[in-house]
Amino acid sequence: MISVIIPTLNASAHLPRALAPLVAGAAHGLVKQVIVADGGSSDETLEIAEAAGCDIMASTPGRAKQMRAGVTRAKANWLLFLHADTTLAQNWVEEAARFIGAPRGRLRAAAFRLAFDDDAPEARRVIAWARLRARLLSLPYGDQGLLISRFFYDALGGFRDIPLMEDVEIVRRIGAKRLTLLETEAVTSAEKYRRDGYNKRAWRNLILTARYLMGADPADLAKAYD
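An account of the accompanying structure is given in this report. (Residues numbered from 1 in each chain as written. Predicted model: local features only at pLDDT ≥ 70, side-chain atom pairs only at ≥ 80, totals over all residues. Heavy atoms only, no water.)

## Thoughts on the overall build of the chain
Link 1 in the chain: Assigned secondary structure in the chain consists of 10 helices and 8 strands.
Link 2 in the chain: Here the C-alpha radius of gyration of the chain, 16 Å, is about what a compact globule of 226 residues would show, namely 17 Å.
Link 3 in the chain: Summarising its shape, the C-alpha atoms of the chain cover approximately 40 × 40 × 35 Å along the three principal directions.
Link 4 in the chain: The buried share among the 226 residues of the chain stands at 50%.
Link 5 in the chain: Pairs at least 24 residues apart make up 74% of the contacts formed inside the chain by residues separated by at least 6 positions.
Link 6 in the chain: When the accessible area of the chain is evaluated, it comes to approximately 11000 Å², of which 54% is carbon and sulfur surface. (Helix = DSSP H or I, 4+ residues; strand = E, 2+ residues; numbered from the N terminus. Rg over C-alpha atoms; globule rule 2.2 N^0.38 Å. Buried < 20%, exposed > 50% of the residue type's maximum accessible area, 1.4 Å probe, protein only. Contact = heavy atoms within 4.5 Å. Areas by Shrake-Rupley, 256 points an atom, 1.4 Å probe, with all protein chains shown as cover.)

Written out as structure tokens, the structure is:
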């Protein structure tokens, strides 16, 4: 069974859509609990989480800190880290169950296939490049989710407490040979891309990732990202 961990900070606009597909997982007996690790929301995030029956975990803000805090509340032997603005496609339950039940599955991790809630040509181009990056470099981002056994997560040492690139950092430690890219889509909000411009934000993300891979301090990258 799975403990789903969702880091939140003023996520009321997106959280209901992220939670909706998890109901099917609970109905199938796959999802044991949903943990909302909140970094101090001032909107209706906590009210939504409470009404949905989530376990609420207070944390200092920072996605890595919040996910690490959420793990301390997890009861299941599998973990699914999911961003609050990401919605899993309806077939996620069956594919996740197959992955969990596969031989030596608990020694591997999985990410979903990135998609946007936008059909604009610019969105499709960004998605195409992101999927190519994930496939060729085995480098999915955090908005593609991460499904991993608690055994493997603990063996890796979990997420590093860094202000940015925590998703890239843990995927690099998992390694290409132990990472599976699932076919189910993780539909992520394109709000930030529409606001900043698809090309501008995509290039910024690429440059920040390249700087990190070349050894830049995540704290400096976080300042640039903000």
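## Section: unusual backbone geometry
Link 1 in the chain: Its identity as a non-glycine residue notwithstanding, Asn10 has a phi of 50 degrees, on the positive side.
Link 2 in the chain: As for its placement among the helices and strands, Asn10 is situated in the loop between strand S1 (2-8) and helix H1 (15-27).
Link 3 in the chain: Residue Asn10 is classed as partly exposed on the basis of its relative accessible area of 39%.
Link 4 in the chain: The phi angle at Met165 is positive, at roughly 70 degrees, despite the residue not being glycine.
Link 5 in the chain: Within the fold, Met165 resides in the loop between helix H6 (150-156) and helix H7 (166-174).
Link 6 in the chain: Since its relative accessible area comes to 9%, Met165 is described here as buried.

## Details of the nonpolar core
Link 1 in the chain: Ranked by size, the top nonpolar core spans 29 residues in total, and within it Leu79, Phe81, Leu146, Ile148, Tyr153 and Ile174 carry the most contacts.
Link 2 in the chain: The leading source of residues in this core is H7, at 4 residues.
Link 3 in the chain: Among all residues touching Ile174, those that are not within four sequence positions of it are Ala109, Leu146, Ile148, Phe152, Leu156 and Leu179. (Core = buried A, V, L, I, M, F, W, Y, C linked by side-chain atoms within 4.5 Å.)

## As for the side chain of Asp38
Link 1 in the chain: In this structure, Asp38 sits in strand S2 (residues 31-38).
Link 2 in the chain: An unpaired buried charge is present at Asp38: no salt bridge exists, and Arg63, the closest side chain of opposite charge, is 11 Å distant.
Link 3 in the chain: Polar side-chain contacts of Asp38 include one of 2.6 Å to the side chain of Thr8.
Link 4 in the chain: Reaching out from Asp38, the side chain makes a polar contact with the backbone nitrogen of Gly40 at a distance of 2.9 Å.
Link 5 in the chain: When sequence neighbours within four positions are dropped, the list of residues in contact with Asp38 reads Thr8, Leu9, Thr45, Leu46, Met57, Ala58, Ser59 and Gln66. (Lys, Arg positive; Asp, Glu negative; His and termini not counted. Salt bridge = Lys/Arg side-chain N within 4 Å of Asp/Glu carboxyl O. Polar contact = N/O pair within 3.5 Å; in protein donor to acceptor, adjacent residues only side chain to side chain.)

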